[in-house]
Amino acid sequence: MSDVPDPVLDLSAVTVRRGVSVLLDSVSLTVGAGERWVVLGPNGAGKSTLLSVAAGRLFPTSGTVGILGERLGRVDVFELRPRIGLASTALAGAVPRQEKVRDVVVTAAYGVTGRWREEYDPDDEARAAHLLALLGVAHLAERTFGTLSDGERKRTQIARALMTDPELLLLDEPAGGLDLGGREDLLRRLTALAADPDAPTPVMVTHHVEEIPVGTTHALLLRGGRVVAAGPVEPTLTSAQLSDTFGLALEVSARAGRYTARAL
Ligand SMILES: Nc1ncnc2c1ncn2[C@@H]1O[C@H](COP(=O)(O)OP(=O)(O)OP(=O)(O)O)[C@@H](O)[C@H]1O
């Protein structure tokens, strides 16, 4: 998108403390328009915390956060949030189990979860249907969210995150819990989405290098709330840096834009 502010994200020395715990320790990150980022790190590294900051949902203890050309703390976050698509397990937990899948998606246009109108704009209904098809779950539109499998929920959440036509797309472990076929299908769809010049700039959190979609341009490696390495994906995702990130000797290999890692 030519009119998307650049950088899309501009975090400088962001620290998040909770009591004596330091969840993020002076993290700086600049995501340019058109870049496609992955954030990798072990359990508890601070990935979800970082995504919450990037989503304008968590204010850091110190540091500055620029999102889509606005400064967190100076901007009305309720105006900013529709410009950011966020799919996370925490948000999925806020969706009523009885909510129909199509309503889970369409209500994002109104900034709510839970159906609250009898009628929606036909254009919104059509967009929700299109996004469910894009994520491969159009056949589930009339089902209730509570009856979906984990993988189906993930896809529905991503469709919801795209509903407002956001400029920034934040995905927290979109492939987590998916079976092999489901993961590969989702990655293919994320790759196709990333190739669309009108698609939002994605920042995706994962634990596994195998879940990095083809077309990812940049990586941030996080451990203990600190940045181990960040930058263009190839020089960042080295065996040495991945080993530092996960705290064990790993060998990473790349083939046709996909990555695998194994312990040495
Ligand atoms: N309110 C809090 N008070 C103290 N510690 C917290 C609080 N919230 C989160 N943490 C801790 O902060 C650390 C980072 O959490 P976060 O959820 O960001 O990690 P993560 O990298 O997303 O982990 P995972 O991969 O397991 O989802 C964890 O050790 C977590 O236990």
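Conventions we followed
Counting restarts for each chain, with residues numbered from 1 along the sequence as it is written. Reporting in this predicted model follows two pLDDT cut-offs: at least 70 for local features of residues, and 80 or more for side-chain atom pairs to be given and counted; totals over whole chains, interfaces and linings ignore these cut-offs and use all residues. As a rule here, side-chain values come from all non-hydrogen atoms in the structure, and water together with hydrogens is ignored. Any Lys or Arg side-chain nitrogen located within 4 Å of an Asp or Glu carboxyl oxygen qualifies as a salt bridge. In DSSP terms, a helix is any run of H or I states spanning at least four residues, a strand is any run of E spanning at least two, and both are numbered starting from the N terminus. Burial classes follow relative accessibility: with a 1.4 Å probe on protein chains only, a residue under 20% of its type's maximum area counts as buried, one over 50% as exposed, and anything between as partly exposed. Pairs of strands are assigned from DSSP output, requiring at least two bridges between the strands. Contacts: residue pairs with any heavy atoms within 4.5 Å of one another. We define proximity as follows: a residue is near a molecule or strand when any one of its heavy atoms falls within 4 Å of that partner. Within 3.5 Å is the distance limit for a polar contact, defined as a pair of N or O atoms, with the added protein rule that one can donate a hydrogen and the other accept it, and that residues adjacent in sequence qualify only through two side-chain atoms. Each accessible area value is a Shrake-Rupley result obtained with a 1.4 Å probe; residue values ignore everything except the protein chains displayed when judging cover. Ten residues, namely Ala, Val, Leu, Ile, Met, Phe, Trp, Tyr, Cys and Pro, are considered nonpolar, four, namely Asp, Glu, Lys and Arg, are considered charged, and the remaining ones, Gly among them, are considered polar.

Q: Looking at this structure, how should I read the pattern of salt bridges?
A: Pairing is possible between side chains of opposite charge, provided their charged atoms come close. Counted under the stated rule, the structure contains 12 salt bridges. For the salt bridge of R155 with D185, the shortest nitrogen-to-oxygen distance reads 2.8 Å. Residue R155 is located in helix α6 (residues 150–162), and its partner D185 is located in helix α7 (residues 180–195); the two are separated by 30 residues in the primary sequence. One exposure class covers both R155 and D185, and it is buried. When salt bridges that share partners are traced, they join K100, R102, D103, E125 and E142 into one network.

Q: Any chance you could explain the sheet that holds strand β1 (residues 9–18) here in plain terms?
A: Two pairing modes exist for strands in a sheet, parallel and antiparallel, and in both the strands are linked by backbone hydrogen bonds. With respect to topology, 4 strands assemble into an open sheet ordered β2-β1-β4-β5, the strand pairing being antiparallel. Of all the strands in the sheet, just β2 (21–31) and β5 (70–71) have a single pairing partner and so form its edges. Strand direction decides the pairing type here: β1 and strand β4 (residues 62–67), joined by 5 bridges, are antiparallel. Paired with L9 across the strands is I67, a residue of β4.

Q: Teacher, can you tell me more about the environment of V203 here?
A: Among the structural elements, V203 can be located in strand β8 (residues 201–206). Taking relative accessible area as the criterion, V203 reaches 3% and is therefore assigned buried. In this structure, the C-alpha to C-alpha distance between V203 and L51, residues 152 residues apart in sequence, is 8.3 Å. Contacts of V203, omitting those with residues within four sequence positions, involve L9, V31, W37, V39, L51, L168, L169, L170 and L171.

Q: Where do I start with the environment of V209 in this structure?
A: Mapped onto the fold, V209 is located in the loop between β8 and β9 (218–223). For V209, a relative accessible area of 3% gives the class buried. Placed 45 residues apart in sequence, V209 and A254 show a C-alpha to C-alpha distance of 9.6 Å. Ignoring sequence-local partners within four residues, the contact set of V209 consists of L40, L237, L242, Y259, T260 and A261.

Q: I tried to follow the pairing of β2 on my own but got confused; where do I start?
A: Side-chain direction in a regular strand flips from residue to residue, so the side chains alternate between the two faces of the sheet. Pairing of β1 with β2, which is carried by 7 bridges, proceeds in the antiparallel orientation. Bridge pairing in β2 places R18 opposite S21. In sequence, β1 turns back onto β2 through a hairpin of 2 residues, with G19 there showing a positive phi of about 60°.

Q: Mind showing me how you'd approach the site of the ligand here?
A: Around the ligand, the structure places 13 residues, and the nearest of them are G44, K47, S48, T49 and H207. One of the backbone N or O atoms of G44 is found 2.8 Å from an oxygen atom in the ligand. The separation between an oxygen atom of the ligand and a polar main-chain atom of G46 is 2.9 Å. Bound to the protein, the ligand loses 56% of the 640 Å² it would expose on its own. Among the secondary structure elements, those contributing two or more residues to the shell around the ligand are β2 and α1 (47–54). Take the shell around the ligand: its biggest share by element is 3 residues, from α1. Per-class residue counts for the shell around the ligand are 3 nonpolar, 7 polar and 3 charged.

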